[in-house]
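As a plain string of letters, each chain reads:
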Amino acid sequence: MIIGLNYSNCLIHRTTFSIRVSSFSVQKRLGPQKRLYYQQLEENIIHVPGENPNAAALRGTNCFIIGTTQERLMIDSGDVPPINALFIENLRKLLLEQKFRLKDVVISHAIANHFGGAWSVIQLHRELGLELPRVHKKLDNNNYERDMFRMSRYLRDHVRHIDSSCKFTVDEQGGGQSVIKPIETPGHRSDHCSYSLTNTSLKQKHLFPGDMILGSPSVSMDDLSLYLDDLRRVEAMDFDKLYLVHTHTHEPEHMVVCAKKKIRAYIEYREQREQLLQETINKKRFTRESLFDMIYEQEDLSDPLRMKLALTSFNSHLNKLLKERKVRLLREGLSEILHIVK
Ligand SMILES: [Zn+2]
């Protein structure tokens, strides 16, 4: 769920980059935009734009590559073909210009805009005559994962299971080493992993939170109790910076943010939403539908994707309150009536 944000930027971006023919008038009005193929964010971190903007992915998936030598690691693999055509162009240019291959690709979770490009990344290596990368994700056979493997028949054979006991090392020029570890964060989706990066010589202790934390004030989640636990666990790990996978712009200051501040803001946002729900239900009895309408009265949910995300978050909040017996259901006809437990 993304609250109170203006989506015009990402829609315009999609129009100018992905649907170039029909976008002539928009492009003319805005002037030509400079294509960003990739950008160096730190000595050992490169951002490659996924070029797949939409209401949920904002400006698209930000894929991050770690390393400075000829073998590097990438976090997330962009979107499914053909949406990923420009992303693969970006990656091809980077691999050729900086002369390296991806040894490992680690995936946050099995959703099209994070895992959908994995097979294309493997194919790109094959096409360039490079040794193929290994793909890693926490495999839990959920519906999203099964769909992704169905779409990309041969991918399954290239994907290895990981969990929070695993670690990846990337050798850096000059002798240092970056260590990347998965942190299981199942609140967003059951198979979701965030990734930590530590590099003692560069004094880095970063977190790549995946879809757990975005450039927007909030995100939808499947299980709010687990999600809050994920946020509190990573807060306690005391990271220094967050590298955000979905942002409204590709400006470094929007993609790389202070971990402490952003994680705290996400926890407080959820706590306030829960309080708002309880206070609202406390005033009168609502059906689930009328409560949703009341809570989201001010939001523009005309985009079906935004509506779906808002519903997922709303139901997660309500299910948590019901599970904790703070709210209970009274049946009346076919509608569920919500009632606060005093
Ligand atoms: Zn995403």
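Residues numbered from 1 in each chain as written. Predicted model: local features only at pLDDT ≥ 70, side-chain atom pairs only at ≥ 80, totals over all residues.

### Points about the overall build of the protein chain
Inclusion rule: Only DSSP runs of H or I covering at least 4 residues are called helices, and only runs of E covering at least 2 are called strands; the numbering of each starts at the N terminus. With C-beta atoms placed from the backbone, a residue is labelled by how many other C-beta atoms lie within 10 Å of its own: buried for 20 or more, exposed for 12 or fewer, partly exposed between the two.
In terms of helices and strands, the protein chain carries 11 helices and 16 strands. When the 342 residues of the protein chain are sorted by exposure, 42% land in the buried category.

### Considering the pairing of strand β8 (residues 168–171)
Side-chain positions along a regular strand alternate between the two faces of the sheet. For clarity, the threshold we go by: Strands were regarded as paired on the criterion that DSSP finds at least two bridges between them.
Relative to strand β9 (residues 177–184), β8 runs antiparallel, the two being bridged by four bridges. Paired with T169 across the strands is V179, a residue of β9. Here β8 hands over to β9 after five residues, with G174 in that stretch at a positive phi of 90°.

### What about the confidence of the model for the protein chain?
Rules: In predicted models, pLDDT denotes the confidence assigned by the predictor to each residue on a 0 to 100 scale. Contact between residues is assigned whenever the C-beta positions, reconstructed from backbone atoms, fall within 7 Å.
The pLDDT averaged across the protein chain works out to 88; a share of 89% of its residues lies at or above 70. In the predicted structure, residues 1–30 sits below a pLDDT of 50 and forms 36 contacts with residues beyond four places in sequence or in another chain.

### Some thoughts on the packing of helix α3 (residues 85–98) against helix α5 (residues 118–127)
Counted only if it meets this: Every axis corresponds to a line fitted to the C-alpha atoms, with the helix fit spanning only the stretch in contact, and the corresponding angles, defined between N-to-C directions, vary from 0 to 180 degrees. Note on convention: the crossing is left-handed when the near helix lies turned anticlockwise from the far helix by less than a right angle, right-handed when the turn is clockwise.
The contact between α3 and α5 brings their axes to 11 Å, and the two run at 40°. For the pair α3 and α5, the crossing hand works out as right-handed. Residues I88, L91 and R92 of α3 form the contact with α5, whose participating residues are S120, V121 and L124.

### Some thoughts on the packing of helix α9 (residues 259–283) against helix α10 (residues 288–295)
Quick note on the threshold: Oblique is the label for any angle not under 35 degrees, not over 145, and not in the 65 to 115 range, which are roughly parallel, roughly antiparallel and roughly perpendicular in turn. Note that Gly is not counted as nonpolar here; it falls among the polar residues with everything else outside the nonpolar set of Ala, Val, Leu, Ile, Met, Phe, Trp, Tyr, Cys and Pro and the charged set of Asp, Glu, Lys and Arg.
Following both chains from N to C, one finds α9 and α10 inclined at 120°, their axes separated by 11 Å at the closest point. In terms of their interaxial angle, α9 and α10 are classed as oblique. Between α9 and α10 lies a crossing of right-handed hand. Facing L276, L277, T280 and I281 of α9, the residues of α10 in contact are L291, M294 and I295. Split into classes, the residues belonging to the contact of α9 with α10 amount to six nonpolar, one polar and no charged.

### Remarks on the sheet that holds β8
Pairing is mixed across the open sheet formed by six strands, whose spatial order is β8-β9-β10-β11-β12-β13. Across the chains shown, the open sheet's two edge strands, defined by having one partner strand only, are β8 and β13 (256–258). For this sheet the average axis-to-axis angle between neighbouring strands, irrespective of direction, equals 25°.

### Quick look at the nonpolar core
For clarity, the cut-off: Take the buried Ala, Val, Leu, Ile, Met, Phe, Trp, Tyr and Cys residues, join any whose C-beta atoms are within 7 Å, and the set you get is a nonpolar core.
Grouped together as the largest cluster of nonpolar side chains are 62 residues, with contacts concentrated most on F64, I66, V105, A118, Y195 and I213. In this view, I66 contacts N44, I45, R72, L73, V170, S178, I180 and L197; residues no more than four positions away in its chain are not counted. Core analysis: the next-biggest nonpolar cluster, separate from the first, contains eight residues, L277, I281, F286 and L338 among them.

### Let's talk about α9
The criterion, for reference: The length a helix should cover is 1.5 Å for every residue beyond the first.
Across its 25 residues, α9 extends 37 Å between first and last C-alpha, which sits within 8% of the 36 Å expected from 1.5 Å per residue. For α9, the set of buried residues is A259, K262, I263, Y266, R270, L277 and I281.

### A short note on α5
Taken residue by residue, α5 has A118, W119, S120, V121, I122 and L124 as its buried positions. Tucked inside the fold, the buried residues of α5 contact α3, β5 (101–106), α4 (112–115) and β6 (134–137). Of the residues flanking the end of α5, it is G129, one or two places downstream, whose phi is positive at about 70°.

### Details of unusual backbone geometry
A cis amide bond links P81 to the next residue, P82, at an omega of 0°. Within the secondary structure layout, P82 lies in the loop between β4 (71–75) and α3. With a phi angle near 55°, L58 is a residue other than glycine that sits in the positive phi range. For D238, which is not glycine, the phi torsion reads 60° and is therefore positive. Judged by local crowding, D238 falls into the exposed class, with 11 C-beta atoms found within 10 Å.

### Observations concerning the pairing of strand β11 (residues 204–208)
We count it as follows: Note on handedness: a clockwise path from strand one over the helix to strand two, with the strands aimed away from the viewer, defines a right-handed crossover.
Most of β11 sits out of view: four of its five residues are buried. Bridge count for strand β10 (residues 193–199) against β11 is five bridges, and the pairing is antiparallel. Of the residues in β11, the one forming a bridge with L197 is H206. Where β11 meets strand β12 (residues 241–243), two bridges bridge the pair, whose relative direction is parallel. What sits directly across from H206, in β12, is K241. In terms of handedness, the path from β11 via helix α7 (residues 224–236) over to β12 forms a crossover that is right-handed.

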